[in-house]
2 protein chains.
Amino acid sequence: MAEAAANGDVRGGGVPRPTNPMVTPLLTDLYQFTMAYAYWKAGKHLDRAVFDLYFRKNPFAGEFTIFGGLEECIRFIANFKITEEEIKFLRTVMPTCEDGFFEYLSSIDCSDVEVYAIPEGYVVFPKVPLMRIEGPVAAVQLLETPFLSLVNYASLVTTNAARHRLVAGKSKNLLEFGLRRAQGPDGGISASRYSYMGGFDATSNVAAGRLFGIPIRGTHSHAFVSSFMGLHEITDKGLTSSDGSNKREDFVSLVQNWLIRIQDSSSLRGTFGETSQSELAAFTSYALAFPNSFLALVDTYDVMRSGVPNFCAVALALNDMGYKAVGIRLDSGDLAYLSVETRKFFHAIEKDFGVVGFGKMNITASNDLNEETIDALNKQGHEVDAFGIGTYLVTCYAQAALGCVFKLVEINKQPRIKLSEDVTKVSIPCKKKCYRLYGKEGYPLVDIMTGEDEPTPKMDQIVTYLSWASLMSKFAVIGEADSREELPSLHEIRTRCIQHLDRMRPDHMRRLNPTPYKVSVSAKLYDFIHFLWLNEAPVGELQ
Amino acid sequence: MAEAAANGDVRGGGVPRPTNPMVTPLLTDLYQFTMAYAYWKAGKHLDRAVFDLYFRKNPFAGEFTIFGGLEECIRFIANFKITEEEIKFLRTVMPTCEDGFFEYLSSIDCSDVEVYAIPEGYVVFPKVPLMRIEGPVAAVQLLETPFLSLVNYASLVTTNAARHRLVAGKSKNLLEFGLRRAQGPDGGISASRYSYMGGFDATSNVAAGRLFGIPIRGTHSHAFVSSFMGLHEITDKGLTSSDGSNKREDFVSLVQNWLIRIQDSSSLRGTFGETSQSELAAFTSYALAFPNSFLALVDTYDVMRSGVPNFCAVALALNDMGYKAVGIRLDSGDLAYLSVETRKFFHAIEKDFGVVGFGKMNITASNDLNEETIDALNKQGHEVDAFGIGTYLVTCYAQAALGCVFKLVEINKQPRIKLSEDVTKVSIPCKKKCYRLYGKEGYPLVDIMTGEDEPTPKMDQIVTYLSWASLMSKFAVIGEADSREELPSLHEIRTRCIQHLDRMRPDHMRRLNPTPYKVSVSAKLYDFIHFLWLNEAPVGELQ
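Residues numbered from 1 in each chain as written. Chains lettered and ligands numbered in written order. Predicted model: local features only at pLDDT ≥ 70, side-chain atom pairs only at ≥ 80, totals over all residues. Heavy atoms only, no water.

Looking at an unreviewed UniProt entry, one finds chain A named Nicotinate phosphoribosyltransferase, with Panicum miliaceum as its source organism. Quoted verbatim from the Pathway (unreviewed entry) field of UniProt, the annotation for chain A is "Cofactor biosynthesis; NAD(+) biosynthesis; nicotinate D-ribonucleotide from nicotinate: step 1/1." Looking at the Sequence similarities (unreviewed entry) heading of the UniProt record, one finds this comment for chain A: "Belongs to the NAPRTase family." (UniProt positions renumbered as here; feature names shortened; annotations may be inferred.)

What follows deals with the overall build of chain A. Tallying secondary structure elements over chain A gives 18 helices and 20 strands in all. Put simply, chain A has 543 residues, and 64% of those count as buried. For chain A, the share of sequence-separated contacts (at least 6 apart) that also reach a separation of at least 24 residues comes to 76%. With the model as given, the accessible surface of chain A reaches about 19300 Å², and the carbon-plus-sulfur share is 50%. Charge-centre separation for chain A: the mean point of 56 positive side chains lies 3 Å from the mean point of 64 negative side chains. (Helix = DSSP H or I, 4+ residues; strand = E, 2+ residues; numbered from the N terminus. Buried < 20%, exposed > 50% of the residue type's maximum accessible area, 1.4 Å probe, protein only. Contact = heavy atoms within 4.5 Å. Areas by Shrake-Rupley, 256 points an atom, 1.4 Å probe, with all protein chains shown as cover. Lys, Arg positive; Asp, Glu negative; His and termini not counted. Charge placed at Lys NZ, Arg CZ, Asp CG, Glu CD.)

What follows concerns the relation of the copies chain B and chain A. Take chain B, turn it by 180°, move it 0.0 Å along the axis, and it overlays chain A with an RMSD of 0.0 Å. Such a combination of turn and shift is consistent with a two-fold rotation axis. The C-alpha atom lying nearest the rotation axis in chain B is that of Asp186 of chain B; the distance is 2.6 Å. Counting the interface residues of chain B, we find that 100% of their copies in chain A are interface residues as well, pointing to one common contact surface. (Least-squares fit on C-alpha atoms with pLDDT ≥ 70 in both.)

The subject of this paragraph is the packing of aromatic side chains. Geometry of an aromatic ring pair is reported as the spacing of the ring centres plus the angle between the planes. All names here are of chain A. Scanning the entire structure with this criterion turns up 46 aromatic pairs over all chains. Ring geometry for Tyr286 against Phe290: centres 5.1 Å apart, planes inclined by 35°, an arrangement best described as tilted. Plain terms: the ring middles of Tyr435 and Tyr465 are 5.7 Å apart, the flat faces sit at 65° to each other, and that makes the pair edge-to-face. Taken together, the residues span a long stretch of sequence, with Tyr435 in strand S16 (residues 432–438) and Tyr465 in strand S18 (residues 464–467) at a distance of 30 residues. By relative accessible area, Tyr465 is classed as partly exposed at 33%. (Phe/Tyr/Trp six-rings, centres within 6.5 Å; stacked < 30°, edge-to-face > 60°.)

Residue and element names in this part refer to chain A. Summarising the element assignment, Pro129 is placed in the loop between strand S4 (123–124) and strand S5 (131–136). As for Pro129 and Gly270, which are separated by 141 residues in sequence, their C-alpha atoms are 64 Å apart. In this structure, Pro129 is in contact with Asp52, Leu53, Tyr54, Lys432, Cys434, Met449, Trp468 and Met472, ignoring residues within four places of it in sequence.

Put simply, an interface is often sized by how much accessible area is lost when its parts join up. Each side of the interface is counted separately: chain B has 113 residues, and chain A has 113 residues. Here chain B and chain A share an interface that buries about 9600 Å² over both sides, 60% of which is from carbon and sulfur atoms. Of all residues in chain B, Met22, Arg180 and Gln183 of chain B give up the largest surface area on contact with chain A, accounting jointly for 9% of the area buried on that side. Where chain B touches chain A, the interface holds six salt bridges. For the salt bridge of Glu144 of chain A with Arg180 of chain B, the shortest nitrogen-to-oxygen distance reads 3.1 Å. (Buried area = accessible area lost by both parts, 1.4 Å probe. Salt bridge = Lys/Arg side-chain N within 4 Å of Asp/Glu carboxyl O.)

Bringing the sheet that holds S16 of chain A into the picture now. All names here are of chain A. Taken together, the four strands give an open sheet; going across it, the order is S18-S16-S17-S20, and neighbouring strands pair in mixed fashion. Among the strands making up the open sheet, the edge pair consists of S18 and strand S20 (518–521). The mean angle between the axes of side-by-side strands here comes to 25°, regardless of whether they run parallel or antiparallel. When strand S17 (residues 444–451) meets S20, the two strands line up parallel, connected through four bridges. If you follow Asp447 over to S20, its bridge partner there is Val519. (Pairing = 2+ DSSP bridges. Axes fitted to C-alpha atoms, helices over the stretch in contact; angles between N-to-C directions.)

Let us look at helix H5 (residues 137–168) of chain A. All names here are of chain A. With 32 residues, H5 extends 45 Å from end C-alpha to end C-alpha; this agrees with the ideal 46 Å at 1.5 Å per step. In terms of residue burial, H5 counts as a mostly covered element, since 31 of its 32 residues are buried. Following H5 by one or two positions, Gly169 adopts a phi angle in the positive range, close to 90°. (Expected span 1.5 Å × (residues − 1).)

Attention now moves to the side chain of Gln183 of chain A. Tracing the chain through its elements places Gln183 of chain A in the loop between strand S6 (173–176) and helix H6 (185–197). Within the structure, Gln183 of chain A has its side chain in polar contact with the backbone oxygen of Thr395 of chain B (distance 2.9 Å). Separated by 3.0 Å, the side chain of Gln183 of chain A and the backbone oxygen of Ala400 of chain B make a polar contact. Ignoring any residue separated from it by four or fewer positions in sequence, one finds Gln183 of chain A in contact with Thr395 of chain A together with Tyr153, Gln183, Asp186, Gly187, Val394, Thr395, Cys396 and Ala400 of chain B. (Polar contact = N/O pair within 3.5 Å; in protein donor to acceptor, adjacent residues only side chain to side chain.)

Attention now goes to the pairing of S6 of chain A. Residues and elements named next belong to chain A. Sheet topology note: the S6/strand S13 (residues 386–389) ladder contains four bridges and is parallel. For Asn173, the partnering residue across the bridge sits in S13 and is Ala386. Both S6 and strand S7 (residues 202–203) contribute to a ladder of two bridges, which runs parallel. Bridge assignment links Leu175 to a residue of S7, and that residue is Ala202. Taken together, S6, H6 and S7 constitute a β-α-β crossover, and its handedness is right-handed. (Right-handed = clockwise from strand over helix to strand, strands pointing away.)

If you check the domain split of chain A, you get domain 1 (12–162 + 398–536) and domain 2 (221–382). Using only C-alpha atoms to locate each centre, domain 1 of chain A and domain 2 of chain A end up separated by 51 Å. (Domains from an automatic or database assignment.)

Attention now moves to the pattern of salt bridges. The full count for this structure, using the stated rule, is 64 salt bridges over all chains. The closest approach of N and O atoms between Glu233 of chain A and Lys44 of chain B, which form a salt bridge, is 2.8 Å. Taken as a pair, Glu233 of chain A in the loop between helix H8 (222–226) and strand S8 (238–240) and Lys44 of chain B in the loop between helix H1 (30–41) and strand S1 (48–54) lie in two separate chains rather than in one. Comparing Glu233 of chain A with Lys44 of chain B shows no difference in burial state: the two are buried.

This paragraph deals with the sheet that holds strand S10 (residues 295–297) of chain A. All names here are of chain A. The parallel open sheet is built from six strands, whose spatial order is S7-S6-S13-S12-S11-S10. For this open sheet the edge positions go to S7 and S10, each flanked by a neighbour on one side alone. The pairing of strand S11 (residues 327–330) with strand S12 (residues 362–365) spans four bridges and is parallel. Residue pairing in the sheet places Leu330 in a bridge with Ala365 of S12.

Following this line, the structure appears as C-alpha cells:
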C-alpha cells in the first residue's frame, strides 16, 4: 500500500512566507545562536547532522495525535534569511562574538538543509519522527525552536478538533468560536485553521476565513438583543417578498400578529405569557437585515418563555414572505433540556400552522462546550444540530501543550543518543526508516522503526505496509524559483485527515480507556540502542 | 490617595500599529459585522452605547488578576481602518448587504469612540470594569473581539508570571523559556512580554527581546553536548588571558589537568570516575567561545558523575586565565537533591583549591517547572538560584483561558442589563464609577462600584481611596498626529505591577486558601439593579 509522496520537491523561490509575519529567524531561543557561535568557533558548524522531530506522549489522555504545522515549517525554511537589521541586533546581544560569525549567519539560506516529513493531517504516534531534518549542525539548530513552535500547537489543536468531531458524530455541524479566548491573536488564527483541518465545518473568525478559505459563520450576540428597547425603534418596517413579485408588507405587524396566533394556538396556549419586547425588536430587525439567513440567539431573557416564541413569530412572518429561517442558538442553561423543549415547540408550530419542515429548524448550542459536555449531552439525549465551541477547543484547556522535541540522532554519520534519568526521555538514535504495518482487516496494527540499511520488516498477520520512505516528502530548499509543486490546500489536508481517522481501528480512538497503538523498533535497532546506551552511560550505570 | 491619570490623552496619529501585523479589524467574529449591518439597516448604528470589559472569576484558584494588554488595544483602535481589500472580502461574505453599509464600514475610524481604562499592570478583581468603551454601537461592537483577544491572554499570563514570582521569592532569577511550547508564534511572543510584565527577569525568546527590550538569556542544549565525540575535535585550543597580557595557553590541556586534580582532591576523591569525553569537549568548546559567560547544561549523561565534574574542570581552567564561569543548568532528575549535591561539590572545590567564591556558582533549574513544583522544592530545601520556566508558564497550563467579557451597560443613556439563568453571569448595568478603598494599614480593603451621579462612598475604617475616575485614562482617538503623550514602556508597567503586588494584603495573595478580596456595589446601585432585573425578567421570574 505504499503511497506516492504527497508533496514532492518544494523549491524555495516559489514558497510563500510564513502566514504570520512575526515568524522570522529571530523567533527562536537565544541558545540556538550561542551554540551556532560555539560550533563556528570550533570549526564544527558545517558538520552534517540529522535531527528527528517527534513527541513522546499523545495528548488528552488519548492514543492518537494528528500532525499539523508542516506547511508553515516549509514556508519558514524556504524563506530563511537573517536580515542585516537582525544581524545588527544579534551583535548587541552577543557582543563578544567575532565578525566572521555574523558573516556566516548572514550567509545561511538553508539551501543545504533537507527536510523529510510525513504529510500534514496524518494520524501519528509517539516516538515516530514526524520530520527528519538533515544539514549543517549550526543551521539545523536554528530551525529547532521555530519548527517546534509551529508544530506543537498546530498538532495539538488539530487533534483536539478531531476528538471533538469523534464525540459529536459526523452528522453535527461543528463551529469554532474561540478567537476571543485564544492565547493571543495568532493563537486565534491558528486555532481556526487547525480546527478546520481536524474536521470542524466553519469558524466565526473573519481573518482566518479570509486567509485560509474556511467557511465563516455568525449572527448576533446578547448585546444586540439588549440594545433594543422595543418595536417602536424600527422605523423602516417594510419587507419585500422573496418571490420577486415586489409584494411589500409591514413586517412588524406580521410579526406581532404571529406572536398572538402562537400564544393562542391549540398546542402552545398557556406555555408562555408576555415576551420581551426588546428581544422581539432585535429579532425583527435582524430578520429585516438578513431575511435569508435568520438565526436568533434566544437566551438573553428566557429561552422558553420569550426567546423561542419570539423567534417563531419572526420565522413565521418570514415564511409568509417566502423566506426560510435558519434556526436558533442556545448559549446558557441546560442545553439538553432546552434543545428538547425547543424542538417540541417547533413541532407544535409545524402541526398547529401546517408549516412543513418547521420542526426541523436548526438548533445550535454554545457556552463552554467541550468533549465531556458533548458526551454528557449525547447520554442525556438532545436535539442540537450544531455545536459552537470556543475556549476548550482553541486553548486546548484539557491539556494546553504538546511536548514535541527535536533531537540529534546522528552527526558526521555517527549515531547519537540522548540519555536521561527518565527512561521515557531517552532518544532513539540513528537515521531511521519507519513503517506502518496493516493487518488483513485493513487497520494499521503497528508502527516500526528500523535502521537505515535494514530490510522491510516482516511479521505474522501483516498483509501490507506503508513505508515512511515512500511517504516522507523531501523538501529540498534549493532557492530555485520554478518547478516546485504546490503545497496541498487546507481543504485537501482536511480531507486526508478525516480519511485517516476513519481508517483507524475504533478501540484506539474511543474516549474511555482507548487501546494504545503499538510503536516498536526492529530487533536489530533495539540491540544497537542498548549497545550505545551502555557505551555512553558513565561507569556504574546500567550494569 | 487619588493618583494622577497615568497615560493621558493618546491621539491616533502618533500611536504605532499593533505589534502583531495580523491584528486588523477583520480579526473579529463575523457576528460583529452582521450585527453592524442590522444596526445600520435599523438606523441604530450611531446610537451611543457604553460597554464594560471585565472578567467574572480570578484565574488559577487565586484571588487576584493583573490587567494586561491595554497598549495593544490602544494601538488597535488608534489605527482602526478597514481597507478596501478587506471591504471587498466582506462583500463576498455578506453578499446580500447594501452598498451603503460597506461605505459606512469604510468610514469608521473610531474617532468618535472613547476608551477609559485603568493602567496596565494594576492588580484587579472580578466584575470591576478594566475598560469602559463608549461610542456608536456598531463601531464599538467591532472592537469587542479584538479587545477581548488582546486582553484575555495578556492578563492571564501576566497573572501566571506574578504567581510564579510569589512562590519563587524575590531573590530568585526567573527566566521564561516557553517559546517552543507556546500556542502559536504570537503566543510565544506575547508570553515573553507579559511574563516580564508580571515580574520575570529575562526570556530566551530573541524576537521578544528585540521587540520589547527584555533581557535575553541562553547557553546551550543537550544536542550541543552530544554533537561532540571527544576533545580531539577541538582544533584551535588556545585561549588568551582576560587580563590583556596576551598570555595564551593550551586550554584543552589546562582543562584535562584540572579534571585529574579534581579527581584526586581530598574532598572529592572517589565520588566520580571517568566522565563523558563528549560532554567535556562540548563544555570546553563552549568556554572557548564564551569565556566570560560560561554556563553549562550538566545533565546530558550524569549530573554528579560527569556533568558537574566536567563543568568544574572547565571553570577552574577559565579561572586560571582570569575568567569567571557563571554556573550550571539542571534540566532533569530530582532538582532539590541535585542542586544540593552540586552546591556541596562547588564548596568542596572552593575549599580544596582555594578558589574564593566558587561555592556561590549559579545553579539554574528547568524541566517542566510550575508553581507547584517550585513550592515543593522550597519545602524540600534546594540550592537553585534561577528557574527557567516554559510550558506551564506560557500556556497557563493550570487554567488556559481567562473569561473576560464585553457587555453593553447603557445605550442612548438607558441602562441595560444582561440577565442569565446563571446568576454569576448577570451583568452590572449603568455607566459606573469605581473606587478602591484603603484601610489604615495601607492595604486596599474593597473595590466599590456606584452609579455615575452618586457621591464618593464612605465606610468605617476607610482612610483613603483611589477613584477609577481619576485613574482611568481617557484614550480619545481623534486622529491628530501630535500632542500625544507616550504610552508607558514595558519596563515602567512592570515596575508598577511589582509595586502594586507588594501593596496587597498577603492573605489575598497566598497560594493556599487565599482570602477573597471584596468587590461591592453601592446600596443605591444595588437597589437599581434589582429594580431593572424585575423589570426585564419575564413574568413569573424572581417573584
